[in-house]
Amino acid sequence: MQHKYFPHTPEDIRQMLDVIGVKSLDDLYAEIPEELKLKGDLQIPEAMSEIEVRREIQRLASDVKPLTCFAGAGAYDHYQPSVIPYIAARSEFSTSYTPYQAEISQGTLAYIFEYQTMMAELTGMDISNASMYDGATATAEAMMMCVHSARKKNAIVISETFTPEVLRVVKTYAKYHGIDLVVVPAKDGLTDKEAIEARMQQGDVAGVIVAQPNRYGLIEDFAGLADLCHQNKALFVVNTIASALGVLKTPGEWGADIACGDAQSLGFPLQYGGPYCGYLCTKKEHVRKMPGRLVGATVDTEGKRCFVLTMQAREQHIRREKATSNICTAQGVMCLYVAAYLSLMGSKGLKEVNAQSYAKAHYLCDALVETGKAKKVYDAPFLCEFLVSMDGRDAFYEKAIAAGILPGVKVDDDKLLIAVTEKRTKEEMDKLVKLL
């Protein structure tokens, strides 16, 4: 059978079969029982022309009802400057594969270098890698860095104040790497520092991981945690919502050794859950334990500034058992989105985003509470996300959906986690309050 887009000719295939000592392609599958082999065509629709495909996509799209988004829990409906997709689509920033050959990959290497520089500055750390898949895997990789740095210590303490999705990923990594993961329960919605200290006194702790703002939107005070970790020869890891770093104390200022999290809030549309981009930054002394790749600046033979791949602690380049991670691919285009967003917004823009989100979130929270039908669950500072409890939560949720509003994320049996970004208007917020 000839396939239109397969490059191999019958002669190519014959030569390859001769080399491996097989007479036909069918012989490659001789060990598979006949009853397991597919007979006949695949049960898929017939091919369509371009115009037919467009019509079908338009038909499917017509059934999608856009909702005004008040949901958060790790993914936020922030504004994206319209120029970003055009910058990301420019050919000088694209190569066909990983930029091993620096001489033909300067565009890719340049934006990765700028991404790393900006993320290191944003987090207050020395070095950033060229991104991770998402915030959850970045947190899991931070955990692995702690264990690799401590060597003989095998316990990791993590606060329960992470979203359940992140905790599940970290637990999976821990299980299959034999790490003793200790989840410290939250106290009044915040990290229980006394419980962390008690576990540290038992010994064998390689690192402590905390979230900021946490899963309930609360801003935490980590004073003293870095000193506690370092006194016990453990690393301190702070996971922060990237956009919030424009106004909150940075992981570096908290004394963290590693900063991680999701960069979705820096220029990504929600796009049904991904792709997003995880960031991972650290101090210089831990750089050799960092997974993924790093891009460095240098000069070429003519003395002109250029960029190259530098340290790469990946299993493709060193013995597998010595590798720090099995993550081999950076979210390259997503790095470019972040670099473009931060370049366009700058520190002033990030502060404005957070100032508006803060003001609007507090306006909505106060308005909901004033109805008498909603109550703040925790009395602690929050930035743009808050948790309320209400009777008839599910009925209100469905009522809001019917009115074209995604009112938040359900928590437990009667709570709703609501996020407000700079995109939400007073009219939208008032409409939600009126529905309650």
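We now turn to the structure provided with this report. (Residues numbered from 1 in each chain as written. Predicted model: local features only at pLDDT ≥ 70, side-chain atom pairs only at ≥ 80, totals over all residues. Heavy atoms only, no water.)

Some words on the overall build of the protein chain
Of regular secondary structure, the protein chain possesses 12 helices and 15 strands. In terms of overall dimensions, the protein chain has a C-alpha envelope of 75 × 55 × 55 Å along the principal axes. Counting all 436 residues of the protein chain, 48% fall into the buried class. Long-range contacts, defined as pairs at least 24 residues apart, comprise 68% of the intrachain contacts of the protein chain with a sequence gap of at least 6. Summed over all atoms, the accessible surface of the protein chain reaches about 23,300 Å², with 54% contributed by carbon and sulfur. Taking the average location of the 48 positive side-chain charges in the protein chain and that of its 56 negative ones, the two points are 2 Å from each other. (Helix = DSSP H or I, 4+ residues; strand = E, 2+ residues; numbered from the N terminus. Buried < 20%, exposed > 50% of the residue type's maximum accessible area, 1.4 Å probe, protein only. Contact = heavy atoms within 4.5 Å. Areas by Shrake-Rupley, 256 points an atom, 1.4 Å probe, with all protein chains shown as cover. Lys, Arg positive; Asp, Glu negative; His and termini not counted. Charge placed at Lys NZ, Arg CZ, Asp CG, Glu CD.)

Side note on helix 5 (residues 135-150)
Between its first and last C-alpha, helix 5 extends 23 Å over 16 residues, near the 22 Å set by a 1.5 Å rise per residue. Most of helix 5 is tucked away, with 13 of its 16 residues classed as buried. The distance from a side-chain oxygen at the start of helix 5 to the backbone nitrogen of A136 is 3.2 Å, and the residue carrying that oxygen is D134. Directly beyond the C-terminal end of helix 5, a positive phi value near 65° is found at R151. (Expected span 1.5 Å × (residues − 1). Polar contact = N/O pair within 3.5 Å; in protein donor to acceptor, adjacent residues only side chain to side chain.)

A short note on the side chain of H286
Mapped onto the fold, H286 is located in the loop between strand 8 (278-282) and strand 9 (293-299). By relative accessible area, which is 11% here, H286 ends up buried. Residues in contact with H286, not counting those within four places in the same chain, are M145, S149, L235 and D257.

Observations concerning the packing of aromatic side chains
Tallying each qualifying case throughout the model produces 8 aromatic pairs. Both rings, one in F93 and one in Y111, keep their centres 6.0 Å apart while their planes meet at 75°; by these two values the pair is edge-to-face. Here F93 is found in the loop between helix 3 (84-88) and helix 4 (106-123), whereas its partner Y111 is found in helix 4, with 18 residues between them in sequence. The class for F93 is partly exposed, based on a relative accessible area of 22%. The interplanar angle of 70° and the centroid separation of 5.6 Å between the aromatic rings of F222 and W254 together place this pair among those described as edge-to-face. Of this pair, F222 sits in the loop between strand 5 (205-212) and helix 8 (225-231) while W254 sits in helix 9 (residues 251-254); the two residues are 32 residues apart in sequence, bridging distant segments of the chain. Comparing F222 with W254, the two get one shared label, buried. Three or more aromatic residues link up through ring pairs in this structure, and these residues are F222, F236 and W254. (Phe/Tyr/Trp six-rings, centres within 6.5 Å; stacked < 30°, edge-to-face > 60°.)

Focus: the sheet that holds strand 11 (residues 375-376)
A sheet is described by the order of its strands in space; here 4 strands give the open sequence 11-12-15-14, paired in antiparallel fashion. The sheet terminates laterally at strand 11 and strand 14 (409-411), the two strands that pair on one side only. Bridge count for strand 14 against strand 15 (residues 415-419) is 3 bridges, and the pairing is antiparallel. Bridge assignment links V411 to a residue of strand 15, and that residue is K415. Helix 10 (residues 332-370) rests against strand 11, strand 12 (385-389) and strand 15 of the sheet, and its axis sits at about 10° to strand 12. Contacts from helix 11 (residues 393-402) reach strand 14 and strand 15, with the element oriented near 175° to strand 14. (Pairing = 2+ DSSP bridges. Axes fitted to C-alpha atoms, helices over the stretch in contact; angles between N-to-C directions.)

Focus: the environment of I84
For I84, the position within the fold is in helix 3. Considered as a pair, I84 and L350 are 266 residues apart in the sequence and their alpha carbons are 16 Å apart. What I84 contacts, discounting residues up to four positions off in sequence, is Y337, A340, Y341 and L344.

With respect to the pattern of salt bridges
One pass over the full model with this rule turns up 17 salt bridges. With a closest N to O distance of 3.1 Å, E34 and K37 form a salt bridge. The exposure class of K37 is partly exposed, given its relative accessible area of 24%. Close ionic contact of R424 with D77 constitutes a salt bridge, the shortest N to O distance being 2.9 Å. Here R424 is found in the loop between strand 15 and helix 12 (426-435), whereas its partner D77 is found in the loop between strand 1 (68-69) and helix 3, with 347 residues between them in sequence. (Salt bridge = Lys/Arg side-chain N within 4 Å of Asp/Glu carboxyl O.)

Read these as geometric descriptors, not functional statements.
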